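Structural overview for review
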Amino acid sequence: MRSISITRPDDWHIHLRDGEYLAATVKDVSRYFGRAIVMPNLTPPITSVQDAKNYMVRINALIEGVSDFKPLMTLYLTDQTRPQVIRDAKRSGFIQAMKFYPAGATTNSDAGVKSIENIFHLLEIMEKENLVLAIHGEVTDHSIDIFDREKAFIDRHLVRICKTFPNLRVVFEHISTNDAATFVAESTSNIGATITAHHLLFNRNHLLSENLKPAYYCLPVLKRDTHQQGLIKAATSGDAHFFLGTDSAPHPRFAKESACGCAAGAYTSHAAIELYTEIFDRADRLDHLEAFASHNGPDFYGLPRNTDRITLVDKSWEVPPYYTFGKDSLVPIRAGESVFWTVVG
Ligand code: NCD
Ligand code: ZN
């Protein structure tokens with residue numbers, strides 16, 4: 001049996017939800033991740049330091065005495081965000097990033113920013129205060145094909161943001177194309193990107209051919225296999241621009257398998273590091289797993305790396321067909337199938 005030991009990893013992009021769902025998501029993420037960047041797209045969204053603090057307290061209440069896991073909080077930018085909120089966020093010490101959702105780009109983004117120009121004055125303050133901007137990088141223009149919306153975002157907005165604010169630290173979240181991977185790889189060290197396990201494991205054939213599979217539907221939507229291959233290359237390259245962010249985004253079954261549309265979001269938190277390990281193993285790049293999962297993220301955010309370690313062995317286990325999720329169920333990625341690595345300590 002093969003085994004691999006790495007510095008304890010962190011998840012730099014996750015959706016923990018709230019209320020009746022929170023205990024389940026926190027339990028999964030805190031099994032072995034040291035920290036996670038917690039997305040603010042609740043309903044209503046987390047827009048103030050006080051909201052973020054209350055949310056953090058609810059998360060911490062579930063892990064006290066159980067795990068050393070630490071949630072890292074974010075705030076949701078809107079057209080109405082006041083400059084003082086940015087300064088307060090920086091001063092809080094527990095908010096690590098401001099999240100920019102173009103209004104309408106994804107789940108719970110309706111309160112997002114209608115036009116990036118509306119928040120340029122805030123980006124200027126973030127650049128000065130050295131507070132990270134986390135971007136959902138897709139245009140919302142319906143005349144642009146959904147498979148091209150990430151590239152259009154780079155061309156129309158990201159190039160300009162990076163030029164106008166050269167010292168702003170930007171995370172291009174859950175990248176899904178070669179265009180994004182190349183853009184980030186060729187950028188300065190101020191620009192980083194998270195890559196999900198599902199964008200590395202799947203392409204749009206998995207989503208669309210034979211039957212349409214709701215569990216694979218997420219945003220940005222899965223692209224063609226050449227993009228998947230490009231993302232695998234970027235993630236496993238050891239390049240410090242790229243780091244682990246699962247974008248694990250659970251939806252109850254009634255919202256995924258619904259007659260009036262399927263909610264966007266894939267759940268991988270039950271098997272996150274196990275799935276990434278499988279991807280790195282298949283690419284014959286297990287030697288770069290630790291950089292991607294445990295070093296590049298904290299280095300980008302200017303936080304210390306974790307000091308302890310976890311170990312995985314190549315022993316497979318079965319994912320159940322669903323998990324209980326509030327009053328409903330949740331169909332995770334790999335439901336009813338095998339995961340090939342197991343965390344043993
Ligand atoms: C996320 C969610 O469900 O909150 N959905 C998704 O498809 N990734 C939102 C997001 O990160 O885009
Ligand atoms: Zn997300």
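Residues numbered from 1 in each chain as written. Chains lettered and ligands numbered in written order. Predicted model: local features only at pLDDT ≥ 70, side-chain atom pairs only at ≥ 80, totals over all residues. Heavy atoms only, no water.

**Thoughts on the environment of N167**
Tracing the sequence through the fold places N167 in the loop between α5 (149-164) and β7 (170-172). Beyond its immediate chain neighbours, meaning those up to four positions away, N167 contacts E127 and N190. (Helix = DSSP H or I, 4+ residues; strand = E, 2+ residues; numbered from the N terminus. Contact = heavy atoms within 4.5 Å.)

**Section: the site of ligand 1**
What surrounds ligand 1 is a group of 15 residues, the closest being R17, N41, T106, L219 and D247. With respect to ligand 1, the side chain of T106 contributes an N or O atom lying 2.7 Å from an oxygen atom. Separating an oxygen atom of ligand 1 from a backbone N or O atom of G265 is a distance of 3.2 Å. A total of 310 Å² of accessible area belongs to ligand 1 in isolation, and the protein chains cover 100% of it. Counting atoms within 2 Å of the grid points, the majority share of ligand 1 lands in the largest cavity. Here the shell around ligand 1 is composed, by residue class, of 4 nonpolar, 9 polar and 2 charged. (Near = heavy atom within 4 Å. Polar contact = N/O pair within 3.5 Å; in protein donor to acceptor, adjacent residues only side chain to side chain. Areas by Shrake-Rupley, 256 points an atom, 1.4 Å probe, with all protein chains shown as cover. 1 Å grid on protein atoms, 1.4 Å probe; cavity = no way out; pocket = protein on both sides within 12 Å on 5 of 7 lines; lining within 4 Å. Sits in = over half its atoms within 2 Å of the grid points. Nonpolar A, V, L, I, M, F, W, Y, C, P; charged D, E, K, R; others polar.)

**Brief notes about the side chain of E127**
Relative to the assigned elements, E127 resides in helix α4 (residues 120-129). Comment: no salt bridge for buried E127; closest opposite-charge side chain is K128, at 7.2 Å. One polar contact links the side chain of E127 to the main-chain amide nitrogen of N167, over a distance of 2.8 Å. (Buried < 20%, exposed > 50% of the residue type's maximum accessible area, 1.4 Å probe, protein only. Lys, Arg positive; Asp, Glu negative; His and termini not counted. Salt bridge = Lys/Arg side-chain N within 4 Å of Asp/Glu carboxyl O.)

**Quick look at the sheet that holds strand β15 (residues 342-343)**
Read across the sheet, 3 strands follow the order β1-β10-β15 without closing on themselves; strand pairing throughout is antiparallel. Across the chains shown, the open sheet's two edge strands, defined by having one partner strand only, are β1 (3-7) and β15. Pairing of strand β10 (residues 309-313) with β15, which is carried by 2 bridges, proceeds in the antiparallel orientation. Considered in β15, the bridge of V313 is made with T342. Along the sheet, helix α11 (residues 272-282) makes contact with β1, β10 and β15, crossing β10 at roughly 65°. Against the sheet, helix α12 (residues 289-301) touches β1 and β10, its axis set at about 30° to β1. (Pairing = 2+ DSSP bridges. Axes fitted to C-alpha atoms, helices over the stretch in contact; angles between N-to-C directions.)

**Considerations on the layout of surface pockets**
Estimated volume of the largest pocket: approximately 240 Å³. Around the largest pocket, the lining comprises 14 residues; the ones closest to its centre are R17, Y21, T43, N108 and H251. Its residues assigned to classes, the lining of the largest pocket comprises 7 nonpolar, 5 polar and 2 charged. (Points joined across faces, edges and corners; volume = space filled by probe spheres on them.)

**Things to note about the coordination of the zinc ion (ligand 2)**
Protein-derived coordination of the zinc ion (ligand 2) comes from H13 (NE2), H15 (NE2) and D247 (OD), at a distance range of 2.0 Å. Metal-centred angles of 91 to 142° between the 4 donor atoms at the zinc ion (ligand 2) mark the site as irregular. The sequence pattern describing where the donors of the zinc ion (ligand 2) fall on their chain is H-x1-H-x231-D. Of the two residues, H13 is situated in strand β2 (residues 11-14) and D247 in the loop between β9 (242-244) and α10 (253-256); the sequence distance between them amounts to 234 residues. Residue H13 shares its accessibility class with D247, and that shared class is buried. (Donors = N, O, S within 2.8 Å, 3.2 Å for Na, K, Ca; no water. Tetrahedral: all angles 85-135°; square planar, octahedral: opposite > 155°, others 65-115°.)

**A look at the pattern of salt bridges**
Inspection of the entire model under this criterion finds 18 salt bridges. For the salt bridge of K128 with E124, the shortest nitrogen-to-oxygen distance reads 3.8 Å. One end of the pair is K128 and the other is E124, both in helix α4 and 4 residues apart, which spans about a single turn. Classification of K128 as exposed rests on a relative accessible area of 68%. In this structure E124 comes out as partly exposed when scored by relative accessible area, which is 41%.

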